[in-house]
Amino acid sequence: MNKHAVIVVLAGLLAGCDNTTAPLSFTPEMASFSNEFDFDPLRGPVKDFSQTLFNEKGDVAKRVSGSLSTEGCFDSLELHDLESNSGIALVLDANYYLDAETRQKKLRLQGKCQLAEMAASGLSWDTDDNGFIVSAHGKNIQVSYRYDADGYPLGKTSVLGDQHLSIAATPSVDKRKRMDYTAVSVLNEKPLGSVKQTCDYDSHDNPVKCELLIVDESVKPAVERKYTIENSIEYY
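Worth saying up front: this structure is predicted, and the values here are computed from it rather than measured.

Colleague: Give a detailed account of the pattern of salt bridges, specifying residues and quantitative values.
Modeller: On inspection of all chains with the given rule, the structure shows nine salt bridges. In this structure, the salt-bridge partner of K175 is D150, at a minimum N-O distance of 3.5 Å. In this pair, K175 sits in the loop between strand 12 (163-171) and strand 13 (181-187) while D150 sits in the loop between strand 10 (141-147) and strand 11 (153-160), placing the two residues 25 residues apart along the sequence. What makes D150 buried here is its relative accessible area of 15%.

Colleague: Give a detailed account of the environment of N55, specifying residues and quantitative values.
Modeller: Within the secondary structure, N55 is located in the loop between strand 1 (46-54) and strand 2 (60-68). On the basis of relative accessibility, which here comes to 22%, the residue N55 falls in the partly exposed class. C-alpha separation for the pair N55 and T228, spaced 173 residues apart in sequence, amounts to 6.6 Å. What N55 contacts, discounting residues up to four positions off in sequence, is K226 and Y227.

Colleague: Describe the pairing of strand 11, naming the residues involved and giving the relevant values.
Modeller: The pairing of strand 10 with strand 11 spans seven bridges and is antiparallel. Bridge pairing in strand 11 links V143 to S158. In sequence, strand 10 turns back onto strand 11 through a hairpin of five residues, with G151 there showing a positive phi of about 85°. Sheet topology note: the strand 11/strand 12 ladder contains six bridges and is antiparallel. Directly across from V159, in strand 12, lies its bridge partner H164.

Colleague: Hey, could you go over the pairing of strand 16 (residues 223-235) for me, with residue numbers and the actual values?
Modeller: In summary, the side chains of a regular strand alternate between the two faces of the sheet. Here strand 1 runs beside strand 16; their pairing, made up of eight bridges, is antiparallel. Paired with F54 across the strands is T228, a residue of strand 16. Two elements, strand 15 (residues 207-216) and strand 16, share eight bridges in a ladder whose sense is antiparallel. Note that in strand 16 the partner of C210 across the bridge is I229. Joining the antiparallel neighbours strand 15 and strand 16 is a turn of six residues.

Colleague: Describe the side chain of D40, with residues and values.
Modeller: Residue position: D40 is located in the loop between helix 2 (28-37) and strand 1. The side chain of D40 sits in the buried core without any salt bridge; K62 is the nearest counter-charge, 11 Å away. Within polar-contact distance, the side chain of D40 engages the side chain of Q197 at 3.1 Å. In contact with D40, other than residues within four places in its own chain, are S34, Q51, M179, Y181, Q197 and I229.

Basis of the calculations
- Residues numbered from 1 in each chain as written.
- Predicted model: local features only at pLDDT ≥ 70, side-chain atom pairs only at ≥ 80, totals over all residues.
- Heavy atoms only, no water.
- Salt bridge = Lys/Arg side-chain N within 4 Å of Asp/Glu carboxyl O.
- Helix = DSSP H or I, 4+ residues; strand = E, 2+ residues; numbered from the N terminus.
- Buried < 20%, exposed > 50% of the residue type's maximum accessible area, 1.4 Å probe, protein only.
- Contact = heavy atoms within 4.5 Å.
- Pairing = 2+ DSSP bridges.
- Lys, Arg positive; Asp, Glu negative; His and termini not counted.
- Polar contact = N/O pair within 3.5 Å; in protein donor to acceptor, adjacent residues only side chain to side chain.

Here it is as structure tokens:
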């Protein structure tokens, strides 16, 4: 076997070893924040990111962007819903997230950087021993959250008065493609809608572009809406 052949074989063996390495798990902060603020959770040493949702016309419908510390805490988070003309920019300041414009305290934190309380609405969050948010409670509302062994958010159940809303997500069995998922929403035991997403991934097993199909079953006949998600991610 010549030297070139040896190098090719070794390269193949190393590549095989890399492919068997388990992907990184989702941190409690990333998993919990994505659950609360409706964006796809990311793995690894993310420095900053943006997720932009485009409708079928190519117009921006929603945009989420954030920056994180080396410890994985959200230093800032911006949420913009152009369809409803709403949004907010949050910045970390000690044990609070402040409105970036008014500097008003919006969210109190627990530990280093996990959600604890939204005083204005009377909502507070509880965590498990691993730091994941597992429940929330406020006036007339109770929420419970579910995750898999890798910290992937599997959905949540909300009870508000006599309204029971359940969202259940089923991710791909391929742990490197967790953002390929289906999800169903049920309100008071009646189907509300479903979501199906498929993505292209980067070397950190994070999505860079996704196709999203939302089926609204609350109307008859059911209505389908197609979206595209484009992500920009910078790592440490």
